[in-house]
Each structure stands twice: as C-alpha cells, then as structure tokens.
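Structural characterization, general
Here is how the chains run, residue by residue.
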Amino acid sequence: MALDLKVLVQSMKDAASGILKADVTTLSGFSERQLLAIAQQADLVAGGIATGQITDDTRQFFLDGLQDMVKSFVMTLHGILMVTIEKVLNAVVGILWDALSKATGLALAVPAL
C-alpha cells in the first residue's frame, strides 16, 4: 500500500498547527501578563529614583531585581517553547510511524524521543 503524500503532509501540518495554536495562545497570555508586571515594576523603580526614595545605595538592588524579572521571564519562555517543540516533534513522528505501519502492514513502535 502506497502512502498518500497529500494526506500525510496535511495530517502533519494539522497536528503541528493545532499544537502551535494552542500553545501560542497560552504563551501570548503569559507574555502579556509578565511584560505588564515588568513594566509596572520599572515604573515604580523609576518613580522611586526620581523622588529619592530609591537612593544611590539601593538603586543597584532594584535594577538587579528588574534584570532578574526579565531573565526569569525569558527562561520561562524558553522552557515553554522547548515543550512546544517536543509536542510538535512527537505528533509528527507519531503520524509518520502510523502511516508507515499502515502502508507496510507492520506494527512499528513509535520511537521514544
């Protein structure tokens, strides 16, 4: 039995798109909330510096805190993206192995990735 390449390609596209759409929605909501919180914190720090409530002695502490917030945000994005990539990889490999199993009549085990 030959593979129907159009159907196979469409199945892989649909699987990847479905995962990406769901994860992008989650990622977008998370990003908006985190970036707003970082911006609000930056505004508070700027105000504190301008009014003198944040002194020369404590300024670096607050700036380091902002930098830590940004680093944490970016590292979380990295983790979410890595999980998304793994989901897409597993979905596409699963579709390919299923198609190969059907085309060959063999029960091919999907590899652990």
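The structure reproduced in this document is the subject of the present report. (Residues numbered from 1 in each chain as written. Predicted model: local features only at pLDDT ≥ 70, side-chain atom pairs only at ≥ 80, totals over all residues. Heavy atoms only, no water.)

Helix length check: helix H2 (residues 56–104) (49 residues) gives 72 Å between terminal C-alpha atoms against 72 Å at 1.5 Å per residue, within 8%. If you check which residues of H2 are buried, you get Leu66, Phe73, Leu77, Thr84, Val88, Ala91, Val93, Ala99, Ser101 and Ala103. Residues of H2 that are buried in the fold lie against helix H1 (5–51). Once H2 finishes, Gly105 follows within two positions and takes phi at roughly 80°, a positive value. (Helix = DSSP H or I, 4+ residues; strand = E, 2+ residues; numbered from the N terminus. Expected span 1.5 Å × (residues − 1). Buried < 20%, exposed > 50% of the residue type's maximum accessible area, 1.4 Å probe, protein only. Contact = heavy atoms within 4.5 Å.)

Glancing now at the environment of Ile95. Counting through the fold element by element, Ile95 comes out in helix H2. Placed 84 residues apart in sequence, Ile95 and Ser11 show a C-alpha to C-alpha distance of 7.3 Å. Not counting residues up to four positions away in its chain, the partners in contact with Ile95 are Leu8, Ser11, Met12 and Ala15.

With that settled, consider the packing of H1 against H2. Between H1 and H2, whose axes approach to 9 Å, the crossing angle comes to 175°. In terms of axis orientation, H1 runs roughly antiparallel to H2. Here the contact of H1 with H2 is built from residues that sort into 29 nonpolar, six polar and three charged. (Axes fitted to C-alpha atoms, helices over the stretch in contact; angles between N-to-C directions. Parallel < 35°, antiparallel > 145°, perpendicular 65-115°, else oblique. Nonpolar A, V, L, I, M, F, W, Y, C, P; charged D, E, K, R; others polar.)

A cluster of nonpolar side chains, contributed by Leu3, Leu5, Leu100, Leu106 and Leu108, occupies part of the molecular surface with about 410 Å² of accessible area. Note that Leu5 resides in helix H1. (Patch = residues over 30% accessible without salt bridge, like charges linked within 9 Å, V, L, I, M, F, W, Y side chains within 5 Å. Areas by Shrake-Rupley, 256 points an atom, 1.4 Å probe, with all protein chains shown as cover. Salt bridge = Lys/Arg side-chain N within 4 Å of Asp/Glu carboxyl O.)

Turning to the side chain of Thr84, a few remarks are in order. Relative to the elements of secondary structure, Thr84 occurs in helix H2. Thr84 gets classed as buried once you look at its relative accessible area, which sits at 7%. When residues no more than four places from it in sequence are discounted, the contact partners of Thr84 are Ile19, Leu20 and Asp23.

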